[in-house]
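If you want the building blocks of each chain, they are given just below.
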Amino acid sequence: MLNCAPDDDEDSVVDLDDMDECLHKDANVADILTAEAPSHSSKPAPPQSEGDIATPSLSTGALAIGNTSCRRPSLTTFQLHRPSCPRMFICSVVGFVYIFLGLLLLGLGSRLQHNIGNLCSRILAWAIVFQYPFYFTSGSNVRNLIMYGMQPEGIGEIFVYGTWTYQRFFELTKSSVKAYQLLFFKLVAFFVSSTLHCIYLGEKYQFPGYVLIYPAVLISHMALTNTVIPKLWQPIDAEFHRKSGPPTMGAAMVGFFVLTVGFGLAKRHLGLWAGAILPLVLSAYENIGCRIAGQFFLKQFVEKGLHKKFGMTLEILPSLTITYLHCMSQGARLCILVARAAWDPDDHWWMFTLGFGLVFNVSSRTLWIGRCTQLLSRGYCRMDNFQRLLAQAKFQGGYPPFLAVLGVGAVRAALGHPWVPNSTVAIVIVGLVVVTILEDILVLALGYFNVLPVFQTDEPDAEALRASAHAKLGADLDQVVPVHSTAARLSEAMDLQLLAWDLQYNLHVDFPELPLWAHVPAVMFSQFNTVMCLIIFGGGINFVLGFCNEPGYRGVGRGILCWPPMEEVHPCGGEAF
């Protein structure tokens, strides 16, 4: 019989095959395979006879299943967090105020014929609508969460100045010099992005428009936060910080613009059928982004045990990203339909989109489409907690884009123009609001009467988890290693695999509410991108603000690629660009 206890000799080693046999007898690993699951909910567990059936509760995020046993009771567990309606509304109102003030200042400045006054209004409007909420509050809060595990405390850090403050970084670095360097780089970032408005492009085009300014600002911001700042203030985990951008906010933002541009091109060739494709494309955008965000967090955070460095603060990250995804998706839908109605008021394809979208979205939100996908894929595409959270976030995430459009309408009215450019736009907006509310009512009604699918649930496969843990360690281990060291490392790796499985597939947990600060970036980023999309695809600045009333306006005054000062006598003037 193999002796699994290491000898007193520190140089004693054993082959990996022998070590594996030891691990089957190791008491720590046996605990993993036999311990009962911790209770994640105050509700009593369902009867054992129903242990293989999962029934969703769409209003609370609960999906009750029977007990699972492959879990160590002492392990820390991660939780996903669902957005809250009151907190989402508060953030949406704050975003509405930013949009209203910024666009109003832009509209007033557009009437100024002097270049200096016009440029100053543009710089200040850009700072209010984008720079301030992105750099100084919500954007910096997300960045500091990823880099240093910071979470905002109090209304000031959430809405006013963020966590990029002297006090915060003095506590972090214990250096007043580095803390002041932080403030300096914040001003540099603001100055660089502001001066882009002032680049002179010649007599004809004058100054760059938003299509040039926006990506340039994002690129300069990413260069600053990923190169300069990490050298001055080392992140807790540099690799996690370096890889975090695309799977969190990056994929959602790039996908948003690919979706809106691609659909605009597809509409020309598909006509009415584009209305049927839009809900499918939006659903694919959400689910692909949800999977990217979930897998990134599982692979790069949970399975690497980074909670030992960060604590549990970063468990907010995937929930924030998934909430942001749905807000962006709804903003894209609103932007596409409203911009098209403004561009061509006589095209009524949007009615087909709303009707088909209602049926499809209710089926998706009640998880029937997920159930069919699981059956057709023979279990390969399984229901998990990330998809459950996405379904829950759809109760709250569909409404912030409407307040962004309301802000645009309020600015038009304040400038003395009609709230909307034509009656078709008003009908489309009202129709979208009605359909969104009707979706929520139907989903809640189906949940109340339990007209929902059931899901076959599985216990975690201990052998599969063990093999995965062994494979992850294999690249770092020699063929001959100390028994006690490798046994402990493999046991720890299995613990992390169980944590990842529990977060993704333990469907009986409830979702607590997302903290207020985490709602802010999801709401404000989506509202800003919705307004930006309306400007780019809805006829440009002059048309969106009501100065130009010509549907399908293509002049250089749109402020898209170039942005000359508006001629008040001929706001729709200028050559096509």
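Before reading further, recall that the structure is shown in the block above.
Residues numbered from 1 in each chain as written. Predicted model: local features only at pLDDT ≥ 70, side-chain atom pairs only at ≥ 80, totals over all residues. Heavy atoms only, no water.

Some words on the packing of helix H10 (residues 246-270) against helix H13 (residues 316-343)
Working note: a packed helix pair is described by the angle between its axes plus the distance between those axes.
Thinking step 1. Interaxial distance between H10 and H13 falls to 10 Å at its minimum, and their mutual angle equals 20°. Between H10 and H13, the interaxial angle falls into the category roughly parallel. The chirality of how H10 crosses H13 is right-handed. Of H13, the residues touching H10 (which contributes Pro 247, Thr 248, Met 249, Ala 252, Met 253, Phe 256, Leu 259, Thr 260, Phe 263 and Lys 267) are Leu 317, Leu 320, Thr 321, Tyr 324, Leu 325, Met 328, Gly 331, Ala 332, Ile 336 and Arg 340. (Axes fitted to C-alpha atoms, helices over the stretch in contact; angles between N-to-C directions. Helix = DSSP H or I, 4+ residues; strand = E, 2+ residues; numbered from the N terminus. Parallel < 35°, antiparallel > 145°, perpendicular 65-115°, else oblique. Left-handed = near helix turned anticlockwise from the far one by under 90°. Contact = heavy atoms within 4.5 Å.)

What about the state of the cysteines?
Thinking step 1. If you walk through the whole model with that rule in mind, you get one disulfide.
Thinking step 2. Through a disulfide, Cys 335 is tied to Cys 533; the S-S separation comes to 2.0 Å. Judged by the sign of its S-S torsion, about -80°, the bond between Cys 335 and Cys 533 is left-handed. Here Cys 533 lies in helix H21 (residues 516-537) and Cys 335 lies in helix H13, a separation of 198 residues in the sequence.
Thinking step 3. Cysteine Cys 91 is unpaired, with the sulfur of Cys 327 as its nearest cysteine sulfur at 9.7 Å.
Thinking step 4. A relative accessible area of 0% places Cys 91 in the buried class. (Disulfide = S-S within 2.5 Å. Buried < 20%, exposed > 50% of the residue type's maximum accessible area, 1.4 Å probe, protein only.)

As for unusual backbone geometry
Thinking step 1. Of note, Leu 367 is a non-glycine position whose phi angle comes to about 75°, a positive value.
Thinking step 2. Tracing the chain through its elements places Leu 367 in the loop between helix H14 (350-365) and helix H15 (368-376).
Thinking step 3. What makes Leu 367 buried here is its relative accessible area of 5%.
Thinking step 4. At Asn 450, a position not held by glycine, the phi torsion is positive, near 60°.
Thinking step 5. Locating Asn 450 in the fold gives a position in the loop between helix H18 (423-448) and strand S4 (455-456).

Looking at the packing of aromatic side chains
Thinking step 1. One pass over the structure, following the stated rule, counts 28 aromatic pairs.
Thinking step 2. Between Trp 126 and Tyr 214, the aromatic rings sit 6.3 Å apart at their centres with planes inclined by 75°, giving edge-to-face as the arrangement. Of this pair, Trp 126 sits in helix H4 (residues 115-148) while Tyr 214 sits in helix H8 (residues 210-232), and the two are 88 residues apart along the sequence.
Thinking step 3. Judged by its relative accessible area of 5%, Tyr 214 falls in the buried class.
Thinking step 4. Measuring from ring centre to ring centre gives 6.4 Å for Phe 352 and Phe 356, while their planes differ by 25°; the resulting arrangement is stacked. With Phe 352 and Phe 356 both in helix H14 and four residues apart, the pair spans about one turn of that helix.
Thinking step 5. The partly exposed category is assigned to Phe 352, whose relative accessible area is 33%.
Thinking step 6. Among the aromatic residues, those joined into a cluster by ring pairs are Trp 126, Phe 130, Phe 134, Tyr 210, Tyr 214, Phe 256, Phe 257, Tyr 324, Phe 525, Phe 528 and Trp 563.
Thinking step 7. A cation over an aromatic ring shows up here: Arg 122 above the ring of Trp 563, its NZ or CZ 3.9 Å from the ring centre.
Thinking step 8. Geometry around Phe 395 places Arg 365 over its ring, the cationic atom sitting 4.7 Å from the centre. (Phe/Tyr/Trp six-rings, centres within 6.5 Å; stacked < 30°, edge-to-face > 60°. Lys NZ or Arg CZ within 6 Å of the ring centre and 35° of its normal.)

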